[in-house]
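Breakdown of the fold
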Amino acid sequence: MHQLAQRIQDTFPVGFLSSTEWRGDISVTVTREKVHEVAQFLHDDPGMDFDYIVHVSSVDWPDDEERFEVVWEFYAIRKRQRIRLKTRVPESDCIVDSLTDIWKGADFMEREVYDMMGIRFRNHPDLRRILMPDDYTEGYPLRKDFPLRGKGWRDTFDFLDEVPR
Amino acid sequence: MAFEDQRTTVYKVDPEHPESESLPTLRTEELLLNMGPQHPSTHGVLKVILELEGERLVKSTPVLGFLHRGVEKLAEDGTYHQFIPHTDRLDYVCAMYNNFAYCRAVEKLLNLQVPDRAEYLRTIVAEVQRIIGHQFWLGTQALDIGAMTVFFYCFRDREILLDWFDELCGARLTTSWYRIGGVERDFTPSLLDKLKKFLDYFPPKIDEYIVFLETNRIWVARTKGVAVISAEDAVSFGLSGPTLRGSGVDYDLRKYEPYSAYPKCEFSVPVGKNGDTYDRYWIRVMELYESVKIIRQCLEQMQEGPIMADVPSVTLPPKERVFTNLEAMIQQFKLFSQGFNAPPGEIYCGTEAHKGELGFHIVSTGGGKPYRLKIRAPSFIHMGAFDYMSRGYMIADAITLFGTYDIVMGECDR
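Residues numbered from 1 in each chain as written. Chains lettered and ligands numbered in written order. Predicted model: local features only at pLDDT ≥ 70, side-chain atom pairs only at ≥ 80, totals over all residues.

Looking now at the interface of chain A and chain B. Of the residues lining the interface, 27 residues belong to chain A; the matching set on chain B comes to 33 residues. Breaking the side of chain A that touches chain B down by element, the ones donating at least two residues are β2 (25–30), β3 (52–60), β4 (68–76) and α3 (106–117) of chain A. Considering each element in turn, the side of chain A that touches chain B owes the most residues, 6 residues, to β3 of chain A. Classifying every residue of the side of chain A that touches chain B by side-chain character gives 15 nonpolar, 4 polar and 8 charged. (Contact = placed C-beta atoms within 7 Å. Helix = DSSP H or I, 4+ residues; strand = E, 2+ residues; numbered from the N terminus. Nonpolar A, V, L, I, M, F, W, Y, C, P; charged D, E, K, R; others polar.)

Printed below as a string of structure tokens:
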């Protein structure tokens, strides 16, 4: 196990679930309840020092019991190291702690995850749709059960008739 | 600091004239103003709702998504090769760098080694693309805030490189020249000649751009001390590229996580001090010189060799063999119709595009299609800081802000 993952496991023996290292990327999975604490630790601890948020992403695994996976990627500019933090969220209680109070940039990134995957973020200051229209009611486009061609919203558009000559 | 003044004078009573507090006040109310989505300076279809107090911005809310095409969803439905042309349409003024970032990410997923010559070709073209991107930025940014001449000069020189791209791959903007495992075709002698000529022609022209702008008092007044962001905030917002380096953070993936032929070249990364629009301009102009340096070194060091990795299950056969050899044709057909089997796993690969860190997060469950592909688009993340950076400035400075991020909506909305 990589030493970064080891330190997280030592500090959070309860929340830590697993860690992998593949193609040089270190990734750590923690329980949903501990996400904010672990993130705070990653940001504040001088040995970690992850001051830069790279992106927030989400993956849909429809067959799993805890369906959604939220992925954060952090970078430590001074230490030049990268880490990926992951957690699982069930569909019935699709909410996870927001990290906007730690990294300001998480604001838009989390809004995008909410917009695309429907995962809500607790304590987010302004959780609205960002890329899709505000009045879009057909669900969350990046979920695996959302058809590629949409759910027919576009078919309801009014088309102008051909102008008679 | 100019920054502090701009923010406090709006709200506070002038300490030198305390009597101003007792003066009769006018009824004031905040004004909401919609800017965009059809506004010439928003570089595409971007709408911002501005809350104004007089002419000062109190709050601005970007409304994104007018150009949302669901690229990430499309990626899940096509093979890895089929997604390359989609990446062109992300940041459509700098297609080559998008291709590059995507191909690098897939190569990391496959653990594929790219031959030396291909790495050099990639670096050269990427840096040419960086020059084009910065020229485009310089021209339009200056045009937006009232300096017209430099726009024509930038676009004149950009045209030379676009024609060079045309000769290289048959397209000027949506290029799709990079391939997974290498590049589509090698430079011809004529292309090399033209590039070398351009390298001699170009550096004096950069000096010209600088003279045009820095002797323009209006332009200097509208960039110095405008849209300031501190290093700490810039890092916290996840800004990248020149927008972050303008605040004095020396973060450049070409140096931090060297890739392609960059570790073999000597170049410096310009870093600003004040974090204002002027510093970000200065960094981009200095990067033009650095790009020229990198291209020169690559041209010198480049050796003959293959331009595509030889892994038949993944990489494409040379075009001439496709037309003459049955096996090569089958290989090409199978790769484009079914794709290749990627190992199950998850990677993130960031590349220093000219706007900032362009990253691809790919989740694979095996098979020919990505299970999930997330694009970390610098323009989108820069827009997250828009509200914070615009507060206290004038309406006209909002235009400077769009410009200073080098925002392209195709990438922002994906």
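Here the narrative resumes.
Turning our attention to the sheet that holds strand β1 (residues 31–35) of chain B. Residue and element names in this part refer to chain B. Ordered by their spatial adjacency, 3 strands build an open sheet running β1-β2-β3, and the pairing between neighbours is antiparallel. Among the strands making up the open sheet, the edge pair consists of β1 and β3 (56–63). For this sheet, the mean inter-axis angle between neighbouring strands, taken without regard to orientation, is 20 degrees. Bridge analysis of β1 against strand β2 (residues 47–53) gives 5 bridges, and the strand direction is antiparallel. Across the sheet, the residue bridging to N34 is I49, located in β2. Across the face of the sheet, helix α17 (residues 395–405) comes into contact with β1, β2 and β3 while running at roughly 145 degrees to β2. (Pairing = 2+ DSSP bridges. Axes fitted to C-alpha atoms, helices over the stretch in contact; angles between N-to-C directions.)

This paragraph deals with the domain arrangement of chain B. Residues and elements named next belong to chain B. When its domains are assigned, chain B resolves into domain 1 (2–63) and domain 2 (84–313 + 393–413). Computed over C-alpha atoms only, the centres of domain 1 and domain 2 are separated by 34 Å. At the interface, 17 residues of domain 1 touch 13 residues of domain 2. Secondary-structure elements contributing two or more residues to the side of domain 1 that touches domain 2 are α1 (2–8), β2 and β3. Split by residue class, the side of domain 1 that touches domain 2 holds 9 nonpolar, 6 polar and 2 charged. (Domains from an automatic or database assignment.)

What follows concerns the environment of W22 of chain A. All names here are of chain A. One can find W22 in strand β1 (residues 16–22). For W22, a count of 14 C-beta atoms within 10 Å translates into the label partly exposed. Considered as a pair, W22 and G105 are 83 residues apart in the sequence and their alpha carbons are 27 Å apart. (Buried ≥ 20, exposed ≤ 12 C-beta atoms within 10 Å, placed from the backbone.)

Let us look at the packing of helix α4 (residues 95–110) of chain B against helix α5 (residues 116–144) of chain B. All names here are of chain B. It is at 8 Å that the axes of α4 and α5 come closest, and there the two elements cross at 140 degrees. As judged from the angle between their axes, α4 and α5 are oblique. Two packed elements cross with a definite hand, and for α4 against α5 that hand is left-handed. Across from M96, Y97 and F100 in α4, the residues of α5 making contact are R122, V125, A126 and Q129. (Parallel < 35°, antiparallel > 145°, perpendicular 65-115°, else oblique. Left-handed = near helix turned anticlockwise from the far one by under 90°.)

Next up on the list: the sheet that holds β1 of chain A. Residue and element names in this part refer to chain A. Sheet architecture is open: 5 strands sit in the order β1-β2-β5-β4-β3, paired in mixed fashion. The strands lining the two open edges of the sheet, one partner per strand, are β1 and β3. Going across the sheet, the axis of each strand differs from the next one's by a mean of 20 degrees, ignoring polarity. In the sheet, β2 pairs with strand β5 (residues 81–89) via 3 bridges, with the strands oriented parallel. By the bridge assignment for β5, V28 is matched with L85. Set on the sheet, helix α1 (residues 3–11) makes contact with β1, β2 and β5; between it and β2 the angle comes to about 15 degrees. Running at roughly 10 degrees to β3, α3 makes contact with β3 and β4 of the sheet.

This brings us to helix α2 (residues 35–44) of chain A. All names here are of chain A. Of all the residues in α2, the buried ones are V35, V38, A39 and L42. The buried side chains of α2 occupy one side of the element, clustering within an arc of 100 degrees when seen end-on. Lining the buried residues of α2 we find α1, β2, β4, β5 and β6 (95–97). (Arc of directions from axis to C-beta.)

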